[in-house]
Amino acid sequence: MHFPPVYEKVAPGPRVTAARIDGAVQVDVAPLYGVYSYQLGQIEGVVGHFGRRARIDIFEDEGSLHARFVVHLE
């Protein structure tokens, strides 16, 4: 849940929000220019740093430059 304020300090620009939803964490990034692999790698890195693994579902709305990452910890 600390990902949005940390992201803002490291890579300012897009608006990043996080919320707990049904046993997962939903991370929304907008506007997202280009591909979502940068943000995906950052989320994977944070999860791995804490010794966890995750399944991450990605939903992208190219028309609105919005990406949603739903992080399920394993």
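Note that the structure is a prediction, hence the values are computed from the model and not measured.

**As for the side chain of Asp28**
No. 1: Note that Asp28 resides in strand 2 (residues 24-30).
No. 2: Overall, Asp28 belongs to the buried group, its relative accessible area being 10%.
No. 3: Within the local environment of Asp28, its side chain forms a polar contact with the side chain of His66, the two groups lying 2.8 Å apart.
No. 4: Not counting the four nearest positions on each side in its chain, Asp28 is found in contact with Arg15, Val16, Thr17, His66, Ala67 and Arg68.

**A short note on the environment of Ala30**
No. 1: Considering the arrangement of structural elements, one finds Ala30 in strand 2.
No. 2: According to the relative accessible area criterion, Ala30 is partly exposed, its value standing at 26%.
No. 3: Ala30 sits 34 residues away from Ser64 along the chain, and the two C-alpha atoms are 8.0 Å apart.
No. 4: In this view, Ala30 contacts Pro14, Arg15, Leu65 and His66; residues no more than four positions away in its chain are not counted.

**Structural notes on the pattern of salt bridges**
No. 1: With the rule as written, the count across this model stands at 2 salt bridges.
No. 2: In this structure, Arg68 engages Asp28 in a salt bridge whose closest nitrogen and oxygen atoms are separated by 2.7 Å. You can see Arg68 sitting in strand 4 (residues 66-73) and its partner Asp28 sitting in strand 2, a full 40 residues away along the chain.
No. 3: Overall, Arg68 belongs to the partly exposed group, its relative accessible area being 30%.
No. 4: Across the pair Asp57 and Arg55 runs a salt bridge, and its minimum N-O distance is 2.9 Å.

**What to know about the environment of Gly48**
No. 1: You can see Gly48 is positioned in helix 2 (residues 37-49).
No. 2: Remark: the alpha-carbon pair of Gly48 and Ala24, spanning 24 residues in sequence, is separated by 16 Å.

Scoring rules and cut-offs
Along each chain, numbering runs from 1 in the same order as the chain's sequence is written. It should be noted that, the model being predicted, local features are given only for residues of pLDDT at least 70 and side-chain atom pairs only at 80 or more, the latter also being counted only at that level, while totals for whole chains, interfaces and linings use all residues. Values shown for side chains rest on all heavy atoms present in the structure; no hydrogens or waters enter the calculation. Strands are runs of DSSP state E lasting at least two residues, helices are runs of H or I lasting at least four, and both sets are numbered from the N terminus onward. The cut-offs for exposure are 20% and 50% of the maximum accessible area for each residue type, with area from a 1.4 Å probe on protein chains only; residues under the lower value are buried, those over the upper are exposed, and the others partly exposed. Here a polar contact is taken to be a pair of N or O atoms separated by no more than 3.5 Å, where protein atoms must pair a possible hydrogen donor with a possible acceptor and residues adjacent in sequence count only if both atoms sit in side chains. Any two residues having at least one pair of non-hydrogen atoms within 4.5 Å are treated as being in contact. The term salt bridge refers to a pairing of a side-chain nitrogen on Lys or Arg with a carboxyl oxygen on Asp or Glu at a separation within 4 Å.

Just distances and angles here, no functional claims.
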